[in-house]
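Residues per chain are reported as follows:
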Amino acid sequence: MIEMGNLKEALNFICSFDFWRMALFWNIALLFSYFQLLKRRIFGSKSSSSSSSNHSWNSSHRPICVITGATSGLGKATAFALSRKGFYVVLVGRSSHLLSKTLKEIKKQNEDAQLKAFEVDMSSFQSVLKFRNSLEQWLLESGLHSSIQLLMNNAGILATSSRPTVEGFDRMIATNYIGAFSLTKLLLPFLKNSPVPSRVVNVTSFTHRSAFAARFDKDSVTGMYSSGSKQYPCARIYEYSKLCLLLFSYELHRQLRLTDDSHHVSVVAVDPGAVKTNIMHELPSYIQIIAFYGLKIFRLMQSSEDAAELIIDAALAPPEVSDKYFFGGNGRTIESSGISRDPKLAKELWDTSCLIFNRLQQTHT
Ligand SMILES: NC(=O)c1ccc[n+]([C@@H]2O[C@H](COP(=O)([O-])OP(=O)(O)OC[C@H]3O[C@@H](n4cnc5c(N)ncnc54)[C@H](OP(=O)(O)O)[C@@H]3O)[C@@H](O)[C@H]2O)c1
């Protein structure tokens, strides 16, 4: 039976600017990415595919992967896959209940899996900082080398209402971008300390293509500019947060090449395409159903297991692969939007992000 409340909520959403932005711009952005793949296939660019290196890890020296948002969707499926590849998987999630459920599920499928879970709220700098210290202590107490080999910034939300964080930031930007930026800055010494080449993988999205004009001052990067808006611009903020993550990936690559001659830490961005996960759970249920079947009919909706393979390809691509945007599976890469490749914008975002990070660090230490 059709519930009138749900129907009214869906109709209200259909009348919003965000609905049309998602329905038109996001689908065009996704199709554009597939078009690029097709073009590459037809005109055959050799550099667009980088097969994963054939890793076989010694069980006493397992590489360590920290993965955020590991209790659902892509993060969970990737944690399963990485444990099967022989990684020591550090699961980062905001719910202790979901973390222990995920640990049990992975262990059930793979008895040999080496796992550790940490409860972290990626939208809170204090929580991220506490995690960095807990991770260091755990590595020490477990007799493990004080390094990690892989950092996967996957946690993300598509929020439909404004819920400021304790710092007063927009929660979606704080989770999708500021949390990832801060965690990477804090864990960089562990990545640099790795005896083998290490990598940062940022899970971004085709939706970044819809962010045409972007400002990177403090109010924009913290999402504070939107706090007075009559209607929360959820689509715009999501796209913007994913653009920020992408610009950050490219700028981090540049910064590391300037300061680290050994090219030890590589940085890649990965776009999983459209995947059936919980990411849309805040949208009205009818809209979720329409979006799911709409994408499925055109064979654009993937399972989280298939999409996890794509993320693994990016994570295990040879160490020299850095500064790339993975899309479409089998280690294939395409070009992200022009704006995301603008080094001036990337530097502007980097400087603002460092400013925010330094202020947060001063407040919490
Ligand atoms: N699904 C898609 O079509 C698609 C497409 C492109 C990119 N992506 C990106 O893929 C990433 C994974 O999303 P998904 O699709 O797998 O969605 P999902 O099923 O909703 O998973 C998101 C994960 O992030 C976690 N998370 C959310 N807020 C957090 C916080 N404050 N602190 C710690 N963890 C938090 C969630 O924790 P809980 O389990 O506690 O909710 C969940 O584990 C996101 O960055 C998303 O933007 C998804």
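Preceding block: the structure.
Because the structure is predicted, anything quoted here is derived from the model rather than measured. (Residues numbered from 1 in each chain as written. Predicted model: local features only at pLDDT ≥ 70, side-chain atom pairs only at ≥ 80, totals over all residues. Heavy atoms only, no water.)

(A) Focus on helix H2 (residues 17-43). Here H2 is 27 residues long and its end C-alpha atoms lie 38 Å apart, about the 39 Å a rise of 1.5 Å per residue gives. Among all positions in H2, only Asp18, Phe19, Arg21, Met22, Trp26, Ala29, Leu30, Ser33, Gln36 and Leu37 are buried. Remark: Gly44 follows H2 within two positions and exhibits a positive phi of approximately 50°. (Helix = DSSP H or I, 4+ residues; strand = E, 2+ residues; numbered from the N terminus. Expected span 1.5 Å × (residues − 1). Buried < 20%, exposed > 50% of the residue type's maximum accessible area, 1.4 Å probe, protein only.)

(B) Representation of the site of the ligand in the model. In the vicinity of the ligand, 28 residues are found, and the nearest of them are Thr71, Ser72, Asn154, Tyr238 and Thr277. A distance of 2.8 Å separates an oxygen atom of the ligand from a polar backbone atom of Leu74. Side-chain polar atom of Thr277 to an oxygen atom of the ligand: 2.6 Å apart, as the coordinates give it. Burial of the ligand by the surrounding chains reaches 94%, relative to a free accessible area of 880 Å². Those elements that provide at least two residues to the shell around the ligand are helix H3 (73-84), helix H8 (234-259) and strand S7 (274-275). (Near = heavy atom within 4 Å. Polar contact = N/O pair within 3.5 Å; in protein donor to acceptor, adjacent residues only side chain to side chain. Areas by Shrake-Rupley, 256 points an atom, 1.4 Å probe, with all protein chains shown as cover.)

(C) Focus on the sheet that holds strand S5 (residues 198-203). As summarised here, the arrangement of the 7 strands in space is S3-S2-S1-S4-S5-S6-S9, forming an open sheet in which the pairing is parallel. The open sheet terminates on both sides in strands that have one partner only, identified here as strand S3 (114-119) and strand S9 (324-327). Adjacent strand axes in the sheet meet at a mean angle of 20°, parallel and antiparallel pairs treated alike. Relative to S3, strand S2 (residues 88-93) runs parallel, the two being bridged by 6 bridges. Bridge pairing links Val89 to Leu115 in S3. Most of the contacts of helix H6 (residues 171-192) go to strand S4 (residues 150-153), to which it runs at about 175°, and overall it touches strand S1 (64-68), S4, S5 and strand S6 (265-271). (Pairing = 2+ DSSP bridges. Axes fitted to C-alpha atoms, helices over the stretch in contact; angles between N-to-C directions. Contact = heavy atoms within 4.5 Å.)

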